[in-house]
Amino acid sequence: MTDVQKNGLVPYLLANRAFVAPAVEQAVGAMDLSGRTRLLDAGTGAGGGLVALARAAGPGARVLAVDRNPDVLDLAREHARAEGVSDRVRVRAADLVDVLDEAAVSGDGFDAIWASDVVWPGNFDDPRDLVARAARALAPGGVLGLFTSNYYQAMFLPGHSRLERAARTASELNWGIPSGGPAHYELHTVWMEAAGLLDVHVDVFPRVGSPVDADPTVRPYLENAVWPELRESLVERGADAGLSSEEVAEAERLLTPGHPDYIVDTAGYYMVHPTLLAVGRRPSD
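This report concerns the structure included in the present document. (Residues numbered from 1 in each chain as written. Predicted model: local features only at pLDDT ≥ 70, side-chain atom pairs only at ≥ 80, totals over all residues. Heavy atoms only, no water.)

Description of the overall build of the chain
Thought 1: Each helix and strand counted, the chain has 10 helices and seven strands in total.
Thought 2: Radius of gyration (C-alpha) of the chain: 19 Å, near the 19 Å computed for a compact globule of 285 residues.
Thought 3: For the chain, the spread of C-alpha atoms along the three principal axes comes to 60 × 40 × 30 Å.
Thought 4: A fraction of 79% describes how many contacts in the chain between residues 6 or more apart in sequence connect residues 24 or more apart.
Thought 5: Taken as a whole, the chain presents about 12,600 Å² of accessible surface, with 49% of it coming from carbon and sulfur.
Thought 6: Side chains of the chain give 25 positive and 40 negative charges; the mean places of these two sets differ by 5 Å. (Helix = DSSP H or I, 4+ residues; strand = E, 2+ residues; numbered from the N terminus. Rg over C-alpha atoms; globule rule 2.2 N^0.38 Å. Contact = heavy atoms within 4.5 Å. Areas by Shrake-Rupley, 256 points an atom, 1.4 Å probe, with all protein chains shown as cover. Lys, Arg positive; Asp, Glu negative; His and termini not counted. Charge placed at Lys NZ, Arg CZ, Asp CG, Glu CD.)

A closer look at the layout of surface pockets
Thought 1: In this structure, the second largest pocket occupies an estimated 230 Å³ of space.
Thought 2: Along the wall of the second largest pocket there are 15 residues; nearest its centre are Ala-21, Glu-25, Val-51, Ala-52 and Arg-55.
Thought 3: Secondary structure elements with two or more residues in the lining of the second largest pocket: helix 2 (9–30) and helix 3 (50–57).
Thought 4: At eight residues, the largest contribution of residues to the lining of the second largest pocket is made by helix 2.
Thought 5: Its residues placed into classes, the lining of the second largest pocket shows eight nonpolar, three polar and four charged. (1 Å grid on protein atoms, 1.4 Å probe; cavity = no way out; pocket = protein on both sides within 12 Å on 5 of 7 lines; lining within 4 Å. Points joined across faces, edges and corners; volume = space filled by probe spheres on them. Nonpolar A, V, L, I, M, F, W, Y, C, P; charged D, E, K, R; others polar.)

Description of the nonpolar core
As a rule of thumb, nonpolar side chains are buried together in soluble globular proteins.
Thought 1: Ranked by size, the top nonpolar core spans 63 residues in total, and within it Leu-33, Trp-114, Phe-156, Leu-222 and Trp-227 carry the most contacts.
Thought 2: It is helix 9 (residues 218–237) that provides the largest number of residues to this core, a total of eight residues.
Thought 3: Leu-100, Phe-124, Val-131 and Ala-134 belong to the second-largest nonpolar core, a separate cluster that totals 28 residues. (Core = buried A, V, L, I, M, F, W, Y, C linked by side-chain atoms within 4.5 Å. Buried < 20%, exposed > 50% of the residue type's maximum accessible area, 1.4 Å probe, protein only.)

Regarding unusual backbone geometry
Thought 1: In this chain, Ser-210 is followed by Pro-211 through a cis amide linkage whose omega measures -10°.
Thought 2: Its place among the elements puts Pro-211 in the loop between strand 6 (198–209) and helix 9.
Thought 3: In this model, Asn-150 sits at a positive phi of 60°, which is unusual for a non-glycine residue.
Thought 4: Residue placement: Asn-150 occurs in the loop between strand 5 (138–148) and helix 7 (161–175).

Quick word on the environment of Gly-109
Thought 1: Within the secondary structure, Gly-109 is located in the loop between helix 5 (96–106) and strand 4 (110–116).
Thought 2: A relative accessible area of 11% places Gly-109 in the buried class.
Thought 3: Placed 137 residues apart in sequence, Gly-109 and Glu-246 show a C-alpha to C-alpha distance of 54 Å.

Comments concerning the packing of aromatic side chains
Thought 1: Scanning all chains against the criterion turns up seven aromatic pairs.
Thought 2: Consider the rings of Phe-19 and Tyr-221, whose centres lie 4.2 Å apart with planes at 5°: the pair is stacked. Of this pair, Phe-19 sits in helix 2 while Tyr-221 sits in helix 9; the two residues are 202 residues apart in sequence, bridging distant segments of the chain. An identical accessibility class is assigned to Phe-19 and Tyr-221; each is buried.
Thought 3: Taking 6.1 Å as the distance between ring centres and 75° as the angle between the ring planes, the aromatic pair formed by Phe-156 and Trp-227 counts as edge-to-face. (Phe/Tyr/Trp six-rings, centres within 6.5 Å; stacked < 30°, edge-to-face > 60°.)

Some details on the side chain of His-79
Thought 1: Tracing the backbone shows His-79 in helix 4 (residues 73–82).
Thought 2: A relative accessible area of 16% means that His-79 is categorised as buried.
Thought 3: Beyond its immediate sequence surroundings of up to four residues, His-79 is in contact with Arg-17, Ala-46, Gly-47 and Val-51.

Some words on the environment of Val-218
Thought 1: Topologically, Val-218 is positioned in helix 9.
Thought 2: Separated by 202 residues in the primary sequence, Val-218 and Asn-16 have C-alpha atoms spaced 9.3 Å apart.

Remarks on empty space enclosed by the protein
Thought 1: According to the stated counting rule, one finds two cavities of 30 Å³ or more in the structure shown.
Thought 2: Taken together, Tyr-151, Tyr-152, Ala-154, Phe-156, Leu-157, Glu-164, Ala-167, Arg-168 and Leu-230 make up the full set of residues lining the largest cavity.
Thought 3: The biggest single contributor to the lining of the largest cavity is helix 7, with three residues.
Thought 4: Each pocket or cavity is described by its volume, and for the second largest cavity that value is around 30 Å³.
Thought 5: Together, Ala-42, Leu-96, Leu-100, Ile-113, Ala-115, Val-119, Leu-130, Ala-134, Leu-144 and Leu-146 line the second largest cavity.
Thought 6: When the residues that make up the lining of the second largest cavity are grouped by side-chain class, the tally is 10 nonpolar, no polar and no charged.

As structure tokens, then:
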């Protein structure tokens, strides 16, 4: 866990939840969950997918929200209560692998599994194995949805392509995640195909901030989630990503609220976040 995660986790989770919420609602809607009764929100965090899942599946649905960090589950509980779906939701502090294996062994599989920014090499050394476990935990005909904010393909620094590419590389290095290979963070559909799922496909649900303050969730997301992580990564690994000390200092200025060079306050600033949903279905018996 990086210092960014240790410090300010709650503001990060809440800002991320609010910013991604419209895309999550669209993505959950695209999974066609109506009538499905047993759902898993894998790695629920602050409950970003919880409400959308409960509403999409209908009043007969029961959503199990799992996270291995018990400290964040109160956020998920409160979110479900505030949105009027707490009667359809149960939260549990548990390891996701254990929950998936329990479902597979018991034969009482999930009608749908949703995982948002969970299945990637930052959390699992072998995400392909995790997807295989999720596939086995589905009931026949069950659907798996792997949602990703697609952070490393977002445009945060328009007009500064070199700095942005290097910032992504520095972030990968800081997290210790692979920049290629079979565990790369963009291979959700590959892992689904390997798990034997059918009808595997990707949908895109972009989040756009233009003008930046037209959407009140954009600036808090940038300032509580994106900029702290990128600044830390640039300071720690910017040189390893090919930047000079002067370029690192320039990037820090661009990413620092209140600085005269702060990019968000530049006239015409915009950001684009192309969130993705990979979907696959377990064969019916």
